[in-house]
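Chain by chain, the residues:
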Amino acid sequence: MALSTSPNPLIRSTTPGLETNRKGRLIVDENEMTTRDGVFAGGDAVTGAATVILAMGAGKKGAEAIDAYLKKIRYNKLRKLKIAEKVDTACRSLVE
């Protein structure tokens, strides 16, 4: 959350693992993910005062990255579930 053209300082002080640069702006990678896993940011909170066009571009890029991130989590959970089911089936066949 940004107030004016910089991030709200409460975010940084109340969110462990969220790093900022010397100007207090959130540090993100090429996918707009912050230094805290699963937390994304864009716009003035990252770049400082800039155009609405740049903020919208960061929002679009961030939304695509969030979608990919969530799909990966769902895929990994499903994969673990399928592996657990296979292990369970194998163990049951050993007992029988």
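Everything here concerns the structure above.
Quick summary incoming for the structure in this document. Because the structure is a prediction, the values reported are computed rather than measured.

### Concerning unusual backbone geometry
Not every positive phi belongs to a glycine, and Glu-32 is a case in point at roughly 70°. Note on placement: Glu-32 falls in the loop between helix H1 (9-14) and helix H2 (44-47). On the basis of relative accessible area, Glu-32 is assigned to the buried category, the value being 10%.

### Observations concerning the packing of aromatic side chains
As enumerated under the stated definition, the model contains one aromatic pair in all. On the numbers, 5.8 Å between centres and 75° between planes, the contact of Phe-40 with Tyr-69 is edge-to-face. In this pair, Phe-40 sits in the loop between H1 and H2 while Tyr-69 sits in helix H3 (residues 52-95), placing the two residues 29 residues apart along the sequence.

### As for a nonpolar patch on the surface
Residues Val-52, Ile-53 and Met-56 make up a contiguous nonpolar surface patch of about 350 Å² in total accessible area. Along the chain, the position of Ile-53 falls in helix H3. Residue classification places Ile-53 among the exposed positions, given a relative accessible area of 64%.

### Digging into the side chain of Thr-34
By the element assignment, Thr-34 lies in the loop between H1 and H2. For Thr-34, the residues in contact, after removing those within four places along its chain, are Leu-18, Ile-27, Val-28, Val-39, Phe-40 and Ala-41.

### Thoughts on the nonpolar core
Ile-11, Leu-18, Leu-26, Ala-41, Ala-45 and Val-46 form the largest nonpolar core, which has six residues in total. Look past the residues within four positions of Leu-18 in its chain and what remains in contact with it is Ile-11, Leu-26, Thr-34, Thr-35, Arg-36 and Val-39.

### Some thoughts on the side chain of Glu-32
Of the side chains with opposite charge, Lys-61 comes closest to the buried, unpaired Glu-32, at an N-O distance of 4.3 Å. Residues contacting Glu-32, with those up to four places away along its chain left out, are Val-39, Phe-40, Ala-41, Gly-42, Ala-58, Lys-61 and Gly-62.

The rules behind these values
Residues numbered from 1 in each chain as written. Predicted model: local features only at pLDDT ≥ 70, side-chain atom pairs only at ≥ 80, totals over all residues. Heavy atoms only, no water. Helix = DSSP H or I, 4+ residues; strand = E, 2+ residues; numbered from the N terminus. Buried < 20%, exposed > 50% of the residue type's maximum accessible area, 1.4 Å probe, protein only. Phe/Tyr/Trp six-rings, centres within 6.5 Å; stacked < 30°, edge-to-face > 60°. Patch = residues over 30% accessible without salt bridge, like charges linked within 9 Å, V, L, I, M, F, W, Y side chains within 5 Å. Areas by Shrake-Rupley, 256 points an atom, 1.4 Å probe, with all protein chains shown as cover. Salt bridge = Lys/Arg side-chain N within 4 Å of Asp/Glu carboxyl O. Contact = heavy atoms within 4.5 Å. Core = buried A, V, L, I, M, F, W, Y, C linked by side-chain atoms within 4.5 Å. Lys, Arg positive; Asp, Glu negative; His and termini not counted.

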